[in-house]
Amino acid sequence: MLALRVHGPMLGGAMHGGYRARSRSGRRVSGIPRSTAVHTASELVDWLKENGAKIDAVEVKTLDIPSAGRPLDVVVAGRSLGAGEVALSIPEHLCVTLDRIFESEFVAELLTTDKLSELACLALYLMYEKKMKKKSFWYPYIKELDKQQARGPQAVESPLLWADQELDSLLKGSPLLPAVRQRQAGIRKEYEALDTVWFMAGSLFNKYPFDLPTETFSFELFQQAFAAVQASIVHLQGVPIAKRFALVPLGPPLMAYSSTSKNMITYDEENRAVRLVVSGPVEAGRPVAAWCGPQPNNRLLLNYGIVDEHNPFDKLQFTFTLPTSDPLFTAKRAVLTDAGLATQQNFDVSVSRPLPPLLLPYMMVALATTPEQVAAVSFAEKTPPGHDRELEEAALAALMSYVQRRTAAYAHPLWRDLEIINDPSSSPRQKVAARLTKIEKSILAAAVEALSAR
């Protein structure tokens, strides 16, 4: 599968079956586009039905969406759906999971607790299956993944696949940039450990007449494969570890992820199937979305190539560390411990909660210069008598300086993000990056306002 190419069929060139390259512009699936809709992915749908999938309530259509700049395959309601109705049910033998691959939960757990993640194992498996072409059981599913090119509903791949210069230009100042670098380093480390799977699970690879993983696939192809699997993964809850990461046909990227949808993809143990239950009415022809879990936008962009401007889980982290060289370190640590805080502490900051209640007293403890000041800091909501206003002012100034430094680290101000988003000539990557940095800067602006109001 995932002998992926960024500028061609994502899973290699042998299986695209007449598929024409399409532009990279962004897309929306929030409503019925005023354009033509053509049935597509018929081979995948036929394969699913032949193997027991219950998918009559949905269809896969190619929606010619002007705002996207290219047609897109999307899962839509095949008829009107009511709240609580099962939109689709995919038998577990049609889902790619570690226990399905290795046919042993012990081997699967052994691999994922050692050097390789679940995503790396899934990517390697499908890369070899891709090379089997039509001999592979997964051929129809791989073909559709190839066509999707690992792009989310906004026609953008994970930043894992962006060029270094593009990353530095579009994500400068964002905490996503170091997160991407860290993930890329992790993928490199896993690539170097791929041959471990070959030797540990030899029976799995006996059917493949190919060389060792690192001799068969370059790092670039493996990274593209990893990103494609990552963009398509479903996280199942309440299942054994070997089932928790699943590739589900008709799931993402054909089905959009949303941070506000209440439609849940779950594992039905009684029927041994993965299913989607809709939480409310869905009109025929409307795209069907699934809840992505409580992920902030930097995670959504890293994992799925999307940014949701209505994401209720969006946040930035403010991280502060009390230096061990502080002469009052022991006393300060004791006070922080009593308040349920650590000497290295993360604070989640959002537009709706720009100044977490414990942040200011934490900073006051950090800046205290005498044992009396340390002992006098209160973590209560109400200001106690004898409150050290001078120390509070110093803490507010330090926090303001911190927020201003983070804001200044971005490549351009918030108004420029708005220009990029509204500019028809902006690329999908430019637009999705601008959406993310606009949201992050809005959170920082809210923090500045909250600090100024104290």
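Residues numbered from 1 in each chain as written. Predicted model: local features only at pLDDT ≥ 70, side-chain atom pairs only at ≥ 80, totals over all residues. Heavy atoms only, no water.

The protein chain carries the name Rubisco LSMT substrate-binding domain-containing protein in an unreviewed UniProt entry, which gives Volvox africanus as its organism.

(A) Just unusual backbone geometry, in detail. For the bond from Pro252 to Pro253, the omega torsion is 5°, close enough to zero to count as cis. Positionally, Pro253 belongs in the loop between β6 (245-247) and β7 (256-258). A positive phi angle is found at Leu250, which is not glycine, with a value near 75°. When you line up the elements, Leu250 lands in the loop between β6 and β7. Its identity is not glycine, yet Arg272 carries a phi of approximately 50°, on the positive side. For Arg272, a relative accessible area of 47% corresponds to the partly exposed category. (Helix = DSSP H or I, 4+ residues; strand = E, 2+ residues; numbered from the N terminus. Buried < 20%, exposed > 50% of the residue type's maximum accessible area, 1.4 Å probe, protein only.)

(B) Quick peek at the sheet that holds strand β8 (residues 264-268). What the three strands build is an open sheet, ordered β4-β9-β8; its pairing is antiparallel. Where the open sheet ends on each side, the last strands, each with one partner, are β4 (86-91) and β8. On average, adjacent strands in this sheet sit at an angle of 20° to one another, irrespective of strand direction. As defined by bridge partners, β4 adjoins strand β9 (residues 273-277) across five bridges and the pair is classed as antiparallel. (Pairing = 2+ DSSP bridges. Axes fitted to C-alpha atoms, helices over the stretch in contact; angles between N-to-C directions.)

(C) View of helix α7 (residues 176-192). End to end, α7 covers 24 Å across 17 residues, agreeing with the expected 24 Å (1.5 Å per residue, within 8%). Buried within α7 we find Leu176, Leu177, Val180, Gln184, Ile187, Glu190 and Tyr191. Angularly, the buried residues of α7 cover 140° about the axis, an arc narrow enough to put them on a single face. Facing away from the buried side of α7, by more than 90 degrees, are the exposed residues Gln182, Lys189 and Glu192. (Expected span 1.5 Å × (residues − 1). Arc of directions from axis to C-beta.)

(D) Seen up close, the packing of helix α12 (residues 297-304) against helix α18 (residues 428-452). Two numbers describe how α12 lies on α18: the axes approach to 10 Å, and their chain directions differ by 160°. With respect to α18, the element α12 is oriented roughly antiparallel. For the pair α12 and α18, the sense of crossing is left-handed. Counted together, Asn297, Asn298 and Leu301 of α12 and Val432, Leu436, Ile439 and Glu440 of α18 form the full contact between these two elements. Residue composition of the contact of α12 with α18, grouped by class: four nonpolar, two polar and one charged. (Parallel < 35°, antiparallel > 145°, perpendicular 65-115°, else oblique. Left-handed = near helix turned anticlockwise from the far one by under 90°. Contact = heavy atoms within 4.5 Å. Nonpolar A, V, L, I, M, F, W, Y, C, P; charged D, E, K, R; others polar.)

(E) Here's a closer look at the packing of aromatic side chains. Applying the stated criterion across every chain, the model contains 13 aromatic pairs. Consider the rings of Trp47 and Trp138, whose centres lie 6.0 Å apart with planes at 65°: the pair is edge-to-face. In this pair, Trp47 sits in helix α1 (residues 42-50) while Trp138 sits in the loop between α4 (118-131) and α5 (139-148), placing the two residues 91 residues apart along the sequence. Look at Trp138 and you get buried, because its relative accessible area is 1%. Put simply, the rings of Phe318, Phe320, Phe347, Tyr362 and Tyr402 touch in pairs and so form one group of aromatic residues. The ring centre of Phe219 lies 3.7 Å from the NZ or CZ of Arg188, which sits over that ring. (Phe/Tyr/Trp six-rings, centres within 6.5 Å; stacked < 30°, edge-to-face > 60°. Lys NZ or Arg CZ within 6 Å of the ring centre and 35° of its normal.)

(F) A look at the environment of Val58. Relative to the helices and strands, Val58 is located in strand β2 (residues 58-65). Separated by 30 residues in sequence, Val58 and Leu88 place their C-alpha atoms 7.0 Å apart. For Val58, the contacting residues outside a window of four places in its chain are Val75, Val76, Ala77, Gly78, Ala87, Leu88 and Leu250.

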